[in-house]
Amino acid sequence: MVRARSEERRADIVRAALEVIAERGYRGASLGAVAERVGLTQQGLLHYFPTKEALLVAVLQERDTWDTSGGRGREGWRLDLVDSLVEYNAMRPGIVQTFSALLGESVTDGHPAREFFTERYTQVREEMAKVLRLEFGERLPGGLTPERAAPLLTAVMDGLQYQWLLDPAAVDMPAAFRDFLRLLGQGTADAGDRADAGGTHGTDSRDPRDLRDN
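Residues numbered from 1 in each chain as written. Predicted model: local features only at pLDDT ≥ 70, side-chain atom pairs only at ≥ 80, totals over all residues. Heavy atoms only, no water.

Caption draft 1: Seen up close, the overall build of the chain. Secondary structure assignment for the chain yields 10 helices and 0 strands. When the elements of the chain are put in sequence order from the N terminus, they spell out α-α-α-α-α-α-α-α-α-α. Taken over 214 residues, the chain has a buried fraction of 44%. For the chain, the exposed surface amounts to about 11,000 Å²; the carbon and sulfur share of it is 51%. (Helix = DSSP H or I, 4+ residues; strand = E, 2+ residues; numbered from the N terminus. Buried < 20%, exposed > 50% of the residue type's maximum accessible area, 1.4 Å probe, protein only. Areas by Shrake-Rupley, 256 points an atom, 1.4 Å probe, with all protein chains shown as cover.)

Caption draft 2: Inspection of the nonpolar core at higher detail. Core analysis: the biggest nonpolar cluster contains 28 residues, and Val-34, Leu-55, Leu-102 and Phe-117 have the highest contact counts within it. Of all elements in the fold, only helix H1 (2–28), helix H2 (31–37), helix H4 (52–68), helix H6 (93–105) and helix H7 (114–136) reach the threshold of two or more residues within this core. It is H1 that contributes the most residues to this core, 8 residues altogether. If you look at the next biggest cluster of nonpolar residues, it comprises 27 residues, including Leu-79, Leu-81, Val-171 and Phe-177. (Core = buried A, V, L, I, M, F, W, Y, C linked by side-chain atoms within 4.5 Å.)

Caption draft 3: Representation of the packing of aromatic side chains in the model. Here the structure, examined in full by the defined rule, presents 2 aromatic pairs. When the ring of Phe-99 is compared with that of Phe-117, the centres are 5.3 Å apart and the planes differ by 65 degrees; the resulting orientation is edge-to-face. In this pair, Phe-99 sits in helix H6 while Phe-117 sits in helix H7, placing the two residues 18 residues apart along the sequence. With relative accessibility at 3%, the residue Phe-117 sits in the buried group. (Phe/Tyr/Trp six-rings, centres within 6.5 Å; stacked < 30°, edge-to-face > 60°.)

Caption draft 4: Expanded view of the side chain of Thr-145. Following the sequence through the fold, Thr-145 ends up in the loop between H7 and helix H8 (146–166). We classify Thr-145 as buried; its relative accessible area is 18%. Once residues lying within four places of it in the same chain are set aside, the contact partners of Thr-145 are Glu-138, Arg-139 and Leu-140. (Contact = heavy atoms within 4.5 Å.)

Caption draft 5: Looking closely at H6. Compared with an ideal rise of 1.5 Å per residue, which puts 13 residues at 18 Å, H6 spans 18 Å between its outermost C-alpha atoms and is within 8% of the ideal. Along H6, the residues classified as buried are Ile-95, Val-96, Thr-98, Phe-99, Ser-100, Leu-102, Leu-103 and Glu-105. (Expected span 1.5 Å × (residues − 1).)

Caption draft 6: Spatial organisation of the pattern of salt bridges. Taken as a whole, this structure holds 9 salt bridges when the rule is applied. A salt bridge links Glu-23 to Arg-37, with the shortest nitrogen-to-oxygen separation between them at 3.0 Å. You can see Glu-23 sitting in helix H1 and its partner Arg-37 sitting in helix H2, a full 14 residues away along the chain. (Salt bridge = Lys/Arg side-chain N within 4 Å of Asp/Glu carboxyl O.)

Caption draft 7: Highlighting the packing of H8 against helix H9 (residues 173–184). Remark: H8 packs on H9, axes separated minimally by 10 Å, with the N-to-C direction vectors making an angle of 155 degrees. On the basis of their axis angle, the class for H8 and H9 is roughly antiparallel. Judged by the twist between their axes, the crossing of H8 over H9 is right-handed. Where H8 abuts H9, its residues Leu-152, Leu-153, Val-156, Met-157, Leu-160, Gln-161 and Trp-164 lie against Met-173, Ala-176, Phe-177 and Phe-180. When its residues are assigned to classes, the contact of H8 with H9 shows 10 nonpolar, 1 polar and no charged. (Axes fitted to C-alpha atoms, helices over the stretch in contact; angles between N-to-C directions. Parallel < 35°, antiparallel > 145°, perpendicular 65-115°, else oblique. Left-handed = near helix turned anticlockwise from the far one by under 90°. Nonpolar A, V, L, I, M, F, W, Y, C, P; charged D, E, K, R; others polar.)

Caption draft 8: Spotlight on the environment of Gln-61. By secondary structure assignment, the location of Gln-61 is in helix H4. Remark: the alpha-carbon pair of Gln-61 and Phe-116, spanning 55 residues in sequence, is separated by 9.3 Å.

Caption draft 9: Quick look at the environment of Arg-133. With respect to the helices and strands, Arg-133 occurs in helix H7. For the pair Arg-133 and Thr-145, spaced 12 residues apart in the sequence, the C-alpha separation amounts to 8.2 Å. When residues no more than four places from it in sequence are discounted, the contact partners of Arg-133 are Glu-138, Pro-146 and Glu-147. A polar side-chain atom of Arg-133 sits 2.8 Å from a polar atom in the side chain of Glu-138. (Polar contact = N/O pair within 3.5 Å; in protein donor to acceptor, adjacent residues only side chain to side chain.)

Caption draft 10: Just the environment of Glu-135, in detail. Inspection of the secondary structure assignment puts Glu-135 in helix H7. With relative accessibility at 13%, the residue Glu-135 sits in the buried group.

Given below as structure tokens:
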């Protein structure tokens with residue numbers, strides 16, 4: 001019972017930290033502000049997260065857990081499921097805002113999230129290459145290998161998030177991503193239409209949070 005309450009309190013703190021970071025950025029977010037939002041003293045919060053950096057790591061891990069269902073990665077994903085993730089992100093602007101704010105800050109030297117994002121992008125590029133190989137084989141219609149196209153796919157996903165956050169009325173993030181899938185599939189059956197129809201390997205209507213490794 002005590003452990004369950006402790007885990008629930010930790011989850012409350014992480015959610016509060018997400019909100020504060022989204023509003024103020026990591027450097028502008030204080031442990032005191034997070035503690036106040038959950039009804040704790042700063043000393044009480046330090047019982048659960050001894051440093052601001054520890055809380056940041058928990059926030060980032062929680063965000064990826066929501067994307068990959070338990071943090072187990074995107075192994076076995078197909079292109080239509082990546083498309084579904086973009087649609088899912090469009091329904092949670094607060095989480096996307098927090099991630100984007102931290103990503104932008106992390107490029108500065110000494111930022112505590114820099115190592116996390118560096119490792120994360122290495123992993124995501126590898127996973128997106130596998131997704132593209134499953135969809136197109138060893139060469140995309142335009143001639144690129146999956147490894148060369150993977151950074152482009154990753155960049156479009158995150159770059160669209162920034163544009164959408166700044167002007168959601170002008171940028172339809174899911175529709176723009178499907179347009180990019182069509183560009184990837186030029187010269188073959190339309191990749192965007194395949195994604196809308198459930199992909200070439202069958203329809204999968206699962207919520208991205210429920211995906212599991214094959």
